[in-house]
Amino acid sequence: MAITLNSGFKMPIIGLGVWRMESQQVKDLILNSIKIGYRHFDCAADYKNEAEVGVALKEAFTSGLVKREDLFITTKLWNSDHGHVIEACKDSLKKLQLDYLDLYLVHFPVATRHTGVGTTDSALGEDGVLDIDTTISLETTWRAMEDLVSMGLVRSIGISNYDIFLTRDCLAYSKIKPAVNQIETHPYFQRESLVKFCQKHGVCVTAHTPLGGAAANTEWFGTVSCLDDQVLKGLAEKYKKTTAQIALRWGIQRNTVVIPKSSKLERLKENFQVFDFELSKEDMELIGSMDKKYRTNQPARFWGIDLFA
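No experiment lies behind these values; they were computed from the predicted model shown.

Reading the values: rules and limits
- Residues numbered from 1 in each chain as written.
- Predicted model: local features only at pLDDT ≥ 70, side-chain atom pairs only at ≥ 80, totals over all residues.
- Heavy atoms only, no water.
- Salt bridge = Lys/Arg side-chain N within 4 Å of Asp/Glu carboxyl O.
- Helix = DSSP H or I, 4+ residues; strand = E, 2+ residues; numbered from the N terminus.
- Buried < 20%, exposed > 50% of the residue type's maximum accessible area, 1.4 Å probe, protein only.
- Contact = heavy atoms within 4.5 Å.
- Polar contact = N/O pair within 3.5 Å; in protein donor to acceptor, adjacent residues only side chain to side chain.
- Arc of directions from axis to C-beta.

Chemist: Talk me through the pattern of salt bridges; I want residue IDs and the actual numbers.
Modeler: In total, this model carries 15 salt bridges according to the counting rule given. Between Glu-139 and Arg-143 there is a salt bridge, with its nearest N and O atoms 3.3 Å apart. With Glu-139 and Arg-143 both in helix H4 (residues 138-150) and four residues apart, the pair spans about one turn of that helix. Here Glu-139 falls in the partly exposed class, since its relative accessible area comes to 35%. The exposure class of Arg-143 is partly exposed, given its relative accessible area of 26%. Here the salt bridges share partners, and the residues they tie into one network are Glu-139, Arg-143 and Glu-146.

If you want it as structure tokens, here you go:
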């Protein structure tokens, strides 16, 4: 299953996020996920494993496991490279060993102090607060993103972690509309207004953290996961599926792209097995009633400032 983006390209509705994948695990996880059926991989310069992903992709192509045109590869511009978009994109392409990206996203709607292309540092000021660069506008960044398309380096461009105000602004000043807005959304953080606004204006929503962060965000941010909720447990029993499969199916039936992350082979298989059942309208509404407006991804812990405030 795939969603056709406003750029005309098709994006598989389920992908594998590579955030927090250990370097030594990446190759096997990517190759095994391709064998399972995954064709969409979500990367980022800030994940610091693009080079390892590139090694895996090269092996997949040279071994004949899959062709380049069969895969949809996303990566992201880090905050410190807003003034160096073209160089940053080329750096990611080199590490990924690719000639082009299917999708390149502005990772966060904020420019920070440049620390060298591809270093993806989050430099703090003397006050311990993220050193935000107020001389580079998001419109300036977007103009450079559009240049990547005309240069043939990127097929589609998009945004990430943008709210309604910023998304509307991007739609107003863009010559090439953002194809995607990648945001945190899951049963505990549904963001129905933002999702509907994006979809109404032709911007596909990709759900990062579609399982509510699970163990990874509990470890980093001390948050709780929706997967432990009794509603999802009850539905898992009803449909004879896991709570993760229920959450992913809910996301898919909202017409959002879901990119769960897992480093376990069994979970990779489970997360992909979400096309053989459908949640009823009543059960979609039941999950809809679970919303707690609960964000689990909290970079303020590292940045000394809450950019979502």
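Chemist: Give me the lowdown on helix H9 (residues 243-253), citing residues and values where you can.
Modeler: The buried fraction of H9 is high, at 10 of 11 residues. Buried residues of H9: Thr-243, Ala-244, Gln-245, Ile-246, Ala-247, Leu-248, Arg-249, Trp-250, Gly-251 and Ile-252, and no others. Residues of H9 that are buried in the fold lie against helix H8 (230-239), strand S10 (257-258), helix H10 (265-272) and helix H11 (281-288). Asn-255, located one to two residues past H9, shows a positive phi value of around 65 degrees.

Chemist: Explain unusual backbone geometry to me, and be specific about the residues and the numbers.
Modeler: A negative phi angle characterises most non-glycine residues, just as the trans form characterises most peptide bonds. Within the chain, Lys-48 stands out as a residue other than glycine whose phi angle is a positive 60 degrees. Within the fold, Lys-48 resides in the loop between strand S4 (40-42) and helix H2 (50-62). A positive phi is found at Asn-255, a non-glycine position, where the angle reads about 65 degrees. Examined against the element boundaries, Asn-255 turns out to sit in the loop between H9 and S10.

Chemist: For the environment of Lys-94, give the residues involved together with the corresponding values.
Modeler: You can see Lys-94 is positioned in helix H3 (residues 85-96). The class of Lys-94 is exposed, set by a relative accessible area of 70%. Along the sequence, Lys-94 and Leu-138 sit 44 residues apart, while their C-alpha atoms lie 25 Å from each other.

Chemist: Outline the environment of Asp-133, supporting the account with residue identities and numerical values.
Modeler: Structurally, Asp-133 is set in the loop between strand S6 (101-106) and H4. In the structure, Asp-133 is positioned 96 residues away from Asp-229 in sequence and 41 Å away in space, judged by C-alpha atoms. For Asp-133, the residues in contact, after removing those within four places along its chain, are Ala-111, Thr-112 and Arg-113. Only 2.6 Å separates the side chain of Asp-133 from the side chain of Thr-135, close enough to count as a polar contact.

Chemist: Quick one: what's the story with H11, residue by residue and with numbers?
Modeler: All buried positions along H11 are accounted for by Asp-283, Met-284 and Ile-287. Looking straight down H11, one finds its buried side chains confined to an arc of 105 degrees; they lie on one side. Turned more than 90 degrees away from the buried face of H11, the exposed residues are Lys-281 and Glu-282. Looking at the buried residues of H11, the elements they touch are H8 and H9.

Keep in mind that these numbers describe shape and distance, not what the molecule does.
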